[in-house]
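Chain and residue survey
So you can see what is in the structure, the chains are spelled out below.
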Amino acid sequence: MSSDPTGPGIMLRTRQRKGKAQIFVVCIICVMVHARVAGASIVGEAIASSVVAPVLAVLRERGGYNQSSGPTPFLRASTDEQLVPYVNSCHVLLPNGEPDCANIAGMCASKEGNCAYVGMIENVAISGLVLALLLSIVAISSCTLCCFSSRDPPSDSGGEDRQGGVSPVARRSLVAAVMVGGVVVLSALGFLCVAGVLSDVLVLLDGVQQVASLPRNLQASSQAYLAALEERSAAFSLERDALLLSGGLQALQGAREEVGARAAETRGALLYLQVLVEGCVNGTVHCAALPRDPLTPPPGLNGCVFSPDGDATHALGIAPDLSNGGASPACRDPLSGAPVPCPCCLACWKVSETLRRAADALPGEGDLGALNASFSPDEAPGAARHEVAKYAEPIRLVLRVAGNVSSGIEGGVLDVSGASSGVLIVVVLVFAPLWLAAVCLSRHLCSRHLLARARLGKRGKREGQGLDAERPGDELDRGLMGDAVGWPSAAKEPPPLPWWGGWGTPNLCGAAAFPAWWVALASCVLAFVVAPALSALSLLVLPFTDLCDILPSSPASPLAPLLSILDASLLPSSLPSRVFHSCVLVPRGGSLWVAAGVDASDVDAKFALRNASESLPRAVVQRALDPASYAPLFAEALDLVSAWHAAPGAFGIAECVPGAFPGCGEDEIAYRGDVALRVGGVQRATEGLAAAVLALEEASRAVEGNVTRMGECADAATDDMRRLVWDAGGCDAVHAAYEAVRSPLCQGLASDLSGAWAALFLALALWPVLVAFVCATSESAKRCGGGRC
């Protein structure tokens, strides 16, 4: 015997597949919930961008307000704690319809468009209450109308559609199934968004915690930058010591001292030559005698007073003693030998004066010490600590407040984390009646469709055999809208399904074909729990979305609305505007120094940052290291001394005249020998002086090269410190803290709230339509309409 393809076997297999499909759908929902709680989801953003944003755009377009007249003053009233009087002013009106601001104790919605925005928010919230009323009607209808019946035999309402081969029952079942799927999908998406709000709140609290930790982070960052400044200063000190102190300055100082000593020795030799020529003052014993210490000046020098043009005079003194025991013939009358004023040693004066000027041109101890100047890298750490110390007390106060805020946020995070699981369970319990009612409706529609197929198959078989299309007992094959609790034969009763495939069994959905109790329960929950919550949520969606539109997210974002909300000046020079322009709106870079109106020169002055040329000017370096200031003078003196051998008359040496005093010739020869001896001493001293001057020039050139490199090192260290100081005023931490609040607020919490609002609104609006459609297409409803209930 061939089996009936439309009999209980195919019915059982189909019901098993249906139960497994339901388990699969539930598993998918569980996976989506886990994914939403564990990480970011695009569900809320997708719904917000594809549904909520266009709807709100239409509302704004038709609402009679713009951003400056609607959201900005509304949010301003919220930040000023004036929201209640602001909203009340839109309901306390004058006869002309304008708000009666005189009777409002607080902020009044006085401008055009203020009340239009308030009215738009209220109308959106009222829509949730309208849904609550509709759902209440559905709940009452499900309990009282004839849709509650499960035993009234339906009719096929026209039998088989011969044109399309599809029963009207199947078409109605298909439409209802689509609506059931829509309700389930929309409510599931709404549930995902509601679950996502919990994780968004945690992320937002973390962002607020980061903002509260910003003062402490900035303080730690400043200490780190101070340590970096000191480290760079220490590195420069080592570089300077290697280049300057150990790299030639000490040798330069020694060479300079050697030149001074040699110059003094030369001038001493010149003095003993000068006293031999110019004589001594009266009363001097052993005039012009050579001392044991050549640096000891000769006693009793009767020095000449020279004019700038070289003329010189001096008083009568005594003639110097010669090596032969006689007196200098240059200080005696050529004929009588009587004492006369000694000649002036013009050559000695010229060399001595040149040496004096050369010695004065030598760099002094102060000049050489100026090379070891204090550069910017030496002073910047101290100046930075001095500037930081000015803000020590305000920083302590801010840290105390921030610590209290941070502690409160930590407690809030723990509370939200602990309550999140409970909240999810409550949300699941709220949506469970709706989902169970949808499952039972899907069972109801599927059974109706299968029984319709079986009935049509039997009818076609009987028509093919020439039998009556209807026979007694067929009504047992049909329940309300196609489901049945009995079959034509007890032998054909399908076995009970296991728990994993028995979601459509009467144990869960009840014996009635139409799950009226589940529909009523779901409608009650939606009417008295979800719809009021949706109405309250409607009060947040529009302001929340507008707030995120106002919060700047890029450098091109306008600042006027936000600054107006913050009650700040709209001038570009105001501090809030500068902070947002130069710091918050710059993802990378920016500076708090610029926001505070401090430019590079101000920072350099406060932190002692300057170029090396300012610490060690070129004139100072030239004064200490340029040989051109003294070397030509020493060379001139050396040239004068080297020319003495060609001008013996410069020392008063002359031939004895005929008839000269007795002993003139012997004294002349002795005088010539003594002068030559002392000129030789001067020349030997100048030779040592020349070598010392040459060594000083070489040392100066070496130190000058090291000073140049030291200046380059100082400038490099200063640039590094200037960069550290500017980095210390960087906005990266501020921008990160701002984004840590704005991103979870606008891209997380606002999107999920908007997504939950849209999905649940559509689900709640579709549910009454679904129930009404099912009831309207039932045979019992038609019987009730015919007066046979």
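In this text, all values refer to a predicted model and were calculated from it rather than measured experimentally.

This part takes up the overall build of the protein. Looking only at helices and strands, the protein features 23 helices and two strands. Classification of the 789 residues of the protein by burial places 44% in the buried group. Sequence separation of at least 24 residues holds for 81% of the intrachain contacts in the protein that already meet a minimum separation of 6. Element-wise, carbon and sulfur atoms account for 63% of the exposed surface of the protein, whose accessible area totals about 37,700 Å².

With that settled, the discussion passes to the packing of aromatic side chains. Tallying each qualifying case throughout the model produces eight aromatic pairs. The interplanar angle of 75 degrees and the centroid separation of 5.8 Å between the aromatic rings of Phe236 and Phe375 together place this pair among those described as edge-to-face. In this pair, Phe236 sits in helix H7 (residues 214-278) while Phe375 sits in the loop between helix H9 (365-369) and helix H10 (376-390), placing the two residues 139 residues apart along the sequence. Exposure remark for Phe236: the relative accessible area of 0% places this residue in the buried category. Through successive ring pairs, a cluster of aromatic residues spans Phe74, Tyr86 and Tyr117.

Grouped burial of nonpolar side chains is what soluble globular proteins tend to show. Among the nonpolar cores identified, the biggest contains 77 residues, and Leu434, Trp757, Leu764, Trp767 and Leu770 are the most heavily contacted of them. A total of 19 residues in this core trace back to one element, the largest contributor, which is helix H22 (residues 732-776). If we skip the residues at most four places from it in the chain, Leu764 touches Leu131, Leu135, Leu526, Val530, Ala531 and Leu534.

Before going further, it helps to spend a moment on the state of the cysteines. According to the stated counting rule, one finds eight disulfides in the structure shown. A sulfur-sulfur separation of 1.9 Å characterises the disulfide bridge that pairs Cys304 with Cys344. Negative torsions about the S-S bond denote left-handed disulfides, and the value of about -90 degrees found for Cys304 with Cys344 makes this one left-handed. Taken together, the positions of Cys304 in the loop between H7 and strand S1 (305-306) and Cys344 in the loop between strand S2 (312-313) and helix H8 (346-361) put the pair 40 residues apart, joining distant regions of the chain. The partner cysteine of Cys656 in its disulfide is Cys664, sulfur to sulfur 1.9 Å. Negative torsions about the S-S bond denote left-handed disulfides, and the value of about -95 degrees found for Cys656 with Cys664 makes this one left-handed. You can call Cys656 partly exposed: its relative accessible area is 28%. We classify Cys664 as buried; its relative accessible area is 7%.

We now examine the pattern of salt bridges. For the structure on display, the rule yields 17 salt bridges. Linking Arg610 and Glu379 is a salt bridge whose minimum nitrogen-to-oxygen distance equals 2.8 Å. You can see Arg610 sitting in the loop between helix H17 (600-606) and helix H18 (612-615) and its partner Glu379 sitting in helix H10, a full 231 residues away along the chain. A relative accessible area of 29% places Glu379 in the partly exposed class. Between Arg723 and Asp720 there is a salt bridge whose closest N-O contact spans 2.9 Å. You can see Arg723 and its partner Asp720 sitting in helix H21 (residues 664-728), three residues apart, about one turn around the helix. Classification of Asp720 as partly exposed rests on a relative accessible area of 25%. When salt bridges that share partners are traced, they join Arg232, Asp720 and Arg723 into one network.

Position of Arg742 among the secondary structure elements: in helix H22. In this structure Arg742 comes out as buried when scored by relative accessible area, which is 8%. A polar contact of 3.1 Å, which involves the side chain of Arg742, links it to the side chain of Glu739. When neighbours within four sequence positions are excluded, Arg742 is seen to be in contact with Leu551, Pro552, Ser553 and Gln747.

Of note in the backbone geometry, His286 takes a positive phi value of approximately 55 degrees without being a glycine. In this structure, His286 sits in the loop between H7 and S1. The phi angle at Ala608 is positive, at roughly 55 degrees, despite the residue not being glycine. Along the chain, Ala608 falls in the loop between H17 and H18.

Once that is clear, we can look at the confidence of the model for the protein. Parts of the model with low pLDDT should not have their predicted coordinates read in detail. Residues with a pLDDT of 70 or more make up 71% of the protein, whose mean pLDDT is 74. Ignoring residues within four places in sequence, the model shows residues 17-22, a span with pLDDT below 50, making eight contacts including any to other chains. This model gives residues 467-507 a pLDDT under 50, and the stretch forms 88 contacts once residues within four places in sequence are excluded.

Together, Ile126, Leu129, Val130, Leu133, Leu134 and Ile137 line one region of the surface with nonpolar side chains, adding up to about 540 Å² of accessible area. Structurally, Leu133 can be placed in helix H5 (residues 114-144).

Moving on, we come to helix H2 (residues 43-62). Given 3.6 residues per helical turn, the α-helix brings residues three or four places apart onto the same face. With 20 residues, H2 ought to run about 28 Å at 1.5 Å a step, and its terminal C-alpha atoms sit 28 Å apart, in line with that. All buried positions along H2 are accounted for by Val43, Gly44, Ile47, Ala48, Val52 and Leu56. Gly64 occupies a position one or two residues after H2 and carries a positive phi of about 80 degrees.

Take the packing of H2 against H22 next. The description of two packed helices rests on the angle between their axes and on the distance between the axes. One can describe the packing of H2 onto H22 by two numbers: an axis separation of 7 Å at closest approach and a directional angle of 60 degrees. Considering the angle they form, H2 stands oblique to H22. Pair H2 / H22 crosses with left-handed handedness. Taking contact as the criterion, the partners of Gly44, Glu45, Ile47, Ala48, Val51 and Val52 in H2 are, on H22, Gln747, Ser751, Asp752, Ser754, Gly755, Trp757, Ala758 and Ala759. For the contact of H2 with H22, the per-class residue count stands at seven nonpolar, five polar and two charged.

Basis of the calculations
Residues numbered from 1 in each chain as written. Predicted model: local features only at pLDDT ≥ 70, side-chain atom pairs only at ≥ 80, totals over all residues. Heavy atoms only, no water. Helix = DSSP H or I, 4+ residues; strand = E, 2+ residues; numbered from the N terminus. Buried < 20%, exposed > 50% of the residue type's maximum accessible area, 1.4 Å probe, protein only. Contact = heavy atoms within 4.5 Å. Areas by Shrake-Rupley, 256 points an atom, 1.4 Å probe, with all protein chains shown as cover. Phe/Tyr/Trp six-rings, centres within 6.5 Å; stacked < 30°, edge-to-face > 60°. Core = buried A, V, L, I, M, F, W, Y, C linked by side-chain atoms within 4.5 Å. Disulfide = S-S within 2.5 Å. Salt bridge = Lys/Arg side-chain N within 4 Å of Asp/Glu carboxyl O. Polar contact = N/O pair within 3.5 Å; in protein donor to acceptor, adjacent residues only side chain to side chain. pLDDT = per-residue confidence, 0-100. Patch = residues over 30% accessible without salt bridge, like charges linked within 9 Å, V, L, I, M, F, W, Y side chains within 5 Å. Expected span 1.5 Å × (residues − 1). Axes fitted to C-alpha atoms, helices over the stretch in contact; angles between N-to-C directions. Parallel < 35°, antiparallel > 145°, perpendicular 65-115°, else oblique. Left-handed = near helix turned anticlockwise from the far one by under 90°. Nonpolar A, V, L, I, M, F, W, Y, C, P; charged D, E, K, R; others polar.

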